[in-house]
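Overview (structure and organization)
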Amino acid sequence: MKKALITGVNGFVGRYLGLALKKRGITVYGTSRLKRWEKTEQLNFVDEIIISSFSDKEDIKRVINQVEPDVIFHLAAQSNVRQSWSSPSETILANTMITLLLFESVKEISKSIRIVTIGSSEEYGHWDGIKFPIVEDEYLNPKNPYAISKMNVSLFAKEFSSVFGLDIVHLRPFNHIGPGQGAGFVVPDFAQQIVEIERKNKKPEIIVGNLSAKRDFTDVRDIVEAYVLAAEQGITGQIYNICSGESVEISHVLKSLISMSSENIVVNIDESKFRPNDIPDYYGSNSKFKALTFWKPQFTLQQTLNDVLNDMRSKRTDGK
Ligand code: GDD
């Protein structure tokens, strides 16, 4: 791989992925909808930003023809589960429809371009007979619009690979966290409040949602290493879980973060933050991916939580 295109490069994961690729000497192009990148500062995670909404075929083809990438990492998405309930149709449009347009475009331009699609553990959803750790051929029973949008991507990825010979590898990352993740996800939501309390901008009370859910967390820096390995070694048409292999209760994440602060913090559960249909527990098997690539997460949960909190502390109140 000499040239990579990352859609949504200026998102949380895109920046880390760009860095990981550049570290290997790969030229990185990234799409962004934001015009402000046109003029701006030197960005260390990308060689060139291409302004594109990446939402219609003409534009997608324009970008691909301009870059002529060896690999496309399709990261651009509506990735917030809670938000997907407020706008199911927009979620399907952003996640499923645009990915399909990308497949159609690549099919028309060159089937030698490898596409790495980013799905989610949410595709597995939940059912009484689900087996843990979840393996890639587990029955899919998605439980929210986001999960459905990503499940559809995985189905199309498989079919476009086998029917049209497209070189697609589909990944199912479980929860990923790290410095720079935006509000709306559990770790930044908790960390942000702790930092506001430390700054005396907020009374020492943290408002939280469902603490009994369990999730399989991996540091974003480990996740992007897996994405690069998947692009290099993944087998066409295959699906791989990217996860740590164990789940922790959200209450444990909260306790750990609070213990990293010297403030005396009271926890207040707000039921309005609960989801209509929250999955109680998730942990995946990473055996298939490990057997192929020897990937192994390097960051412990404690290390990541500590880095997130310190990163938040180093930013101004407005998040800059
Ligand atoms: N966001 C948030 N904020 N979640 C909370 C809070 C809170 O204040 N309190 C408790 N939770 C619980 C949620 O109800 C959920 O059970 C869990 O914490 C994790 O929530 P999120 O961080 O929002 O992640 P997610 O599991 O819904 O989805 C994430 O992981 C998927 C992979 O499994 C997202 O990153 C998805 O894009 C990703 O595909």
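The structure contained in this document is the topic of the report that follows. (Residues numbered from 1 in each chain as written. Predicted model: local features only at pLDDT ≥ 70, side-chain atom pairs only at ≥ 80, totals over all residues. Heavy atoms only, no water.)

Counted by the stated rule, this structure contains 18 salt bridges. For the salt bridge of Arg24 with Glu225, the shortest nitrogen-to-oxygen distance reads 2.7 Å. One end of the pair, Arg24, is in the loop between α1 (12–23) and β2 (27–32); the other, Glu225, is in helix α7 (residues 220–233), with 201 residues separating them in the sequence. Here Arg172 and Glu123 are joined by a salt bridge, their closest N and O atoms 2.6 Å apart. Placement of Arg172 in strand β6 (residues 167–173) and of Glu123 in the loop between β5 (114–118) and α5 (145–164) is noted, with a sequence separation of 49 residues between them. Residue classification places Glu123 among the buried residues on the basis of a relative accessible area of 0%. (Salt bridge = Lys/Arg side-chain N within 4 Å of Asp/Glu carboxyl O. Helix = DSSP H or I, 4+ residues; strand = E, 2+ residues; numbered from the N terminus. Buried < 20%, exposed > 50% of the residue type's maximum accessible area, 1.4 Å probe, protein only.)

Across the sheet, which stays open at both edges, the seven strands sit in the order β3-β2-β1-β4-β5-β6-β11 with parallel pairing between neighbours. The open sheet is flanked by β3 (48–51) and β11 (239–242), the only strands paired with a single partner. Going across the sheet, the axis of each strand differs from the next one's by a mean of 20°, ignoring polarity. With four bridges connecting them, β6 and β11 associate as parallel partners. Directly across from Pro173, in β11, lies its bridge partner Ile242. On top of the sheet, helix α2 (residues 57–67) reaches β1 (3–7), β2, β3 and β4 (71–74); it is set at about 155° to β3, its chief contact. Packing against the sheet, α5 makes contact with β5, β6 and β11, and its axis sits at approximately 155° to β6. (Pairing = 2+ DSSP bridges. Axes fitted to C-alpha atoms, helices over the stretch in contact; angles between N-to-C directions. Contact = heavy atoms within 4.5 Å.)

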